[in-house]
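Each chain is listed here by its residues.
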Amino acid sequence: MIDLIVKNANIFTVSDIYKRAKIGPEAQDLSFIKRGAIVVKDGIILDIGPQDEILKRYEGEEIKEVLDVEGRAILPGFVDPHTHAIFVGTREKEFKMRLEGRSYLEILNAGGGILSTTQRVRDASLEDLVDALKERIDIFYEWGTTTFEAKSGYGLSYDAEIKQLKAAKVVNEEGYGEIVPTFLGAHAIPVEYKEDKEAYINIVINEMIPYIAENNLARFIDVFCEVGVYTPDETYRILDAGIKHGLRAKIHADEIEAIGCTELAAKLDVVSCDHLLKITPSGISALKKGNTIAVLLPGTAFSLREERAPARKIIDEGVPIAISTDCNPGSSYTESMPFIITLSVLEMGLLPEEAITAATLNAAYAIGMGNKIGSLDKGKQADFIVLKEDSYLFIPYHYGVNPIFATYKKGKRVKSVATTIN
Ligand code: NIG
Ligand code: FE
């Protein structure tokens, strides 16, 4: 029995032909199927292709639902590969302070920023975090994101870091959303350890990492490698410890200053280096050597009013690019991948097609999910979005408004503009 056939669609599959993130000109081909159809069974894409062929092939089969999308565009659901979405409380007052000229690091060093969200998260119960996360998932679905990565890093203590990661686990187990969890215990230096960072690093390495790895609470480990936060040496030690426990590495690198963090990409098996506003030529070669994906977050540069990451240079050197919201209450408070696509195109110089690839297939590879999501290929999850219009060009072009007509997660509609479409 077939659950769903979606027909009469302009499908852009972003085809996973290389079984890896797309590099250079590869990212410009979105693999278009005109008047296409998708066949869904048990949450998986059973078949996809031109509608006439597909309908003939499944003639006589029992089909639960047939959906005619009347020529609208269909794309893979967006994959957001870098978020700090497990939080409660917002920081609009700091936003105002930044508008008045205070810098992001100044606010952090004065005990605000990440540290103020840390206080809110420590005070919250597991249920509070789960509820906040579910509300945020509804917004992600609303804007077309079907899977996202989410980091801890607002707990900064054994109990609170684990509480954050458990919130993601609860949501995954309930099937409310699909979150890829990352342990970011080294996101800031907790106030209690301001004078003894080494003691905190030891807790991260000797207590948090072993527990988190053993209990499958994270797939990745990340460090905020930055002036006044963690040095490249400390970052190396923390990531190395995580890798030895079976986690895969990511780095917040070259966001505010280039201090040699991206260069670690080639030394450790780093899956992605993220931010890269200040990346240098040696950083770019390290990414290339390390087979590392560059995750660019133009919403953060936009919100902090910083220069943009040199996306074209990175692409021209043959490093694959993914894009992300960085969704967090400080430096980039948005769940909207469509807005990030607009910024990527208008402010980082990506072609619209490159931006779509970066927001789907390459983003999936950046979180180790390329074999399951990120493109509309047979055997992958039926995570897709139906746009209001017939072309993906409307995403960057008609900016600031929601281009999503319907969002499907594992073949189930999780957002729809109209309750009945056919
Ligand atoms: O990716 N750079 C560090 N972490 C986040 C910001 C988190 C926050 O400000 O709450 C980022 O920009
Ligand atoms: Fe971040």
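Structure: above.
Right, let's walk through the structure included here. Quantities reported herein were computed from a predicted structural model and do not represent experimental measurements.

Quick word on the site of ligand 1
- Of all residues adjacent to ligand 1, which total 15 residues, the nearest are Y104, Y154, H187, E255 and S331.
- Between an oxygen atom of ligand 1 and a side-chain N or O atom of H84, the distance comes to 3.2 Å.
- Here a nitrogen atom of ligand 1 sits 2.7 Å away from a polar atom, N or O, in the side chain of H187.
- Bound to the protein, ligand 1 loses 100% of the 330 Å² it would expose on its own.
- By residue class, the composition of the shell around ligand 1 is 4 nonpolar, 8 polar and 3 charged.

Side note on helix 5 (residues 126-142)
- For helix 5, built from 17 residues, the straight-helix expectation of 24 Å at 1.5 Å per residue is met to within 8% by its first-to-last C-alpha distance of 24 Å.
- Every buried residue of helix 5 is accounted for by L129, V130, A132, L133, K134, R136, I137, F140 and Y141.
- Two residues or fewer past helix 5, G144 is found with a positive phi of approximately 95 degrees.

Some remarks on the pairing of strand 1 (residues 2-12)
- Burial analysis of strand 1 places 10 of its 11 residues in the buried class, the great majority of the element.
- Bridge count for strand 1 against strand 4 (residues 63-68) is 5 bridges, and the pairing is parallel. Directly across from K7, in strand 4, lies its bridge partner D68.
- Pairing between strand 1 and strand 2 (residues 32-41): 6 bridges, direction antiparallel. Within strand 2, the residue paired with L4 across the bridge is V40.
- Note that strand 1 and strand 5 (residues 73-76) share 2 bridges and pair parallel. Looking at strand 5, one finds that I11 is bridged to I74.

Observations concerning the pairing of strand 12 (residues 293-296)
- Along strand 12, one buried face is formed by I293 and V295 and the opposite face, lined by A294 and L296, is buried too.
- Here strand 11 (residues 270-275) runs beside strand 12; their pairing, made up of 3 bridges, is parallel. Note that in strand 12 the partner of D274 across the bridge is V295.
- Each parallel crossover has a hand, and the one from strand 11 via helix 9 (residues 281-289) to strand 12 is right-handed.
- Bridge analysis of strand 12 against strand 13 (residues 321-323) gives 3 bridges, and the strand direction is parallel. Bridging from a neighbouring strand, V295 pairs with A322 of strand 13.

Notes on the pattern of salt bridges
- Applying the stated criterion across every chain yields a total of 25 salt bridges.
- Here E335 and R136 are joined by a salt bridge, their closest N and O atoms 3.7 Å apart. Remark: R136 occurs in helix 5 and E335 occurs in the loop between strand 13 and helix 12 (337-348); sequence separation between them is 199 residues.
- Of the residues examined, E335 reaches a relative accessible area of 9% and is grouped as buried.
- The salt bridge partner of D383 is K409, with a shortest N-O separation of 2.7 Å. Taken together, the residues span a long stretch of sequence, with D383 in the loop between helix 14 (361-366) and strand 14 (384-387) and K409 in strand 15 (residues 404-409) at a distance of 26 residues. For the pair D383 and K409, one class covers both residues: buried.

The rules behind the values
Residues numbered from 1 in each chain as written. Chains lettered and ligands numbered in written order. Predicted model: local features only at pLDDT ≥ 70, side-chain atom pairs only at ≥ 80, totals over all residues. Heavy atoms only, no water. Near = heavy atom within 4 Å. Polar contact = N/O pair within 3.5 Å; in protein donor to acceptor, adjacent residues only side chain to side chain. Areas by Shrake-Rupley, 256 points an atom, 1.4 Å probe, with all protein chains shown as cover. Nonpolar A, V, L, I, M, F, W, Y, C, P; charged D, E, K, R; others polar. Helix = DSSP H or I, 4+ residues; strand = E, 2+ residues; numbered from the N terminus. Expected span 1.5 Å × (residues − 1). Buried < 20%, exposed > 50% of the residue type's maximum accessible area, 1.4 Å probe, protein only. Pairing = 2+ DSSP bridges. Right-handed = clockwise from strand over helix to strand, strands pointing away. Salt bridge = Lys/Arg side-chain N within 4 Å of Asp/Glu carboxyl O.

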